[in-house]
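For reference, the chains in residue letters:
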Amino acid sequence: SSRPLAPPPATGGAGVLSPARTSYSCKVGASADPVVRRAVQRAAYLGGLTPAHAEAVQLVHYQPGQEYRPHFDWLSPTDARFAERTRDTGNRLLSFF
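Quick caveat: nothing in here was measured; it's all calculated off a predicted structure. Numbering of residues begins from 1 in every chain and follows the order in which that chain's sequence is written. Residue-level local features of this predicted model are given only where pLDDT is at least 70; pairs of side-chain atoms are given and counted only at 80 or more, and the full residue set underlies all totals for whole chains, interfaces and linings. Only hydrogens and water are removed before side-chain values are computed, so all heavy atoms of the structure are retained for them.

### Regarding the pattern of salt bridges
Quick note on the threshold: Only one rule defines a salt bridge in this text: a Lys or Arg side-chain nitrogen within 4 Å of an Asp or Glu carboxyl oxygen. Exposure classes here rest on a 1.4 Å probe applied to the protein chains alone. A residue is buried below 20% of its type maximum, exposed above 50%, and partly exposed in between.
Enumeration over the complete set of coordinates arrives at four salt bridges. A salt bridge links Asp-79 to Arg-85; its shortest N-O distance comes to 3.9 Å. By relative accessible area, which is 42% here, Arg-85 ends up partly exposed. In this structure, Arg-87 and Asp-88 form a salt bridge, with 3.8 Å as the shortest nitrogen-oxygen distance. Of the residues examined, Arg-87 reaches a relative accessible area of 59% and is grouped as exposed.

Following this line, the structure appears as structure tokens:
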């Protein structure tokens, strides 16, 4: 059966508006699902890293007319929130699609 993607609990179920995307998305940890875990293992292998370097996987659903505008996932050290946003996981090195 199909289940809708749920907003992250930190948002109180309200979701998060983004100027870069009009799609629906959710994050799934590799330990939550064996298919996600295998995809993370494969991406890590292809990137020459270990799965421990991976962020939660972002699942995205697009309806007709929705988009994900070009953007950068790498954070500049001059960003006001750089330290906060990279404290736990560091800066993003790779993205896999």
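### Notes on the side chain of Ser-23
The following threshold applies: Only DSSP runs of H or I with at least four residues qualify as helices, and only runs of E with at least two residues qualify as strands; both kinds are numbered from the N terminus onward. Any two residues having at least one pair of non-hydrogen atoms within 4.5 Å are treated as being in contact.
The topology assignment puts Ser-23 in the segment before strand E1 (24-28). Here Ser-23 is in contact with Val-60, His-61, Tyr-62, Gln-66 and Glu-67, once residues within four sequence places are set aside.

### Quick look at the side chain of Thr-86
Note on placement: Thr-86 falls in helix H2 (residues 82-86). Residue classification places Thr-86 among the buried positions, given a relative accessible area of 11%.

### Re the confidence of the model for the protein
Our working rule: A residue's pLDDT is the confidence the predictor assigns to it, expressed on a 0 to 100 scale.
Looking at the protein, the pLDDT average stands at 79 and 79% of residues meet or exceed 70. By mean pLDDT, E1 is the weakest element of the protein at 85, and helix H1 (residues 34-47) is the strongest at 93. Here residues 1-5 scores under 50 on pLDDT; set against residues more than four positions off or in separate chains, the count is five contacts.

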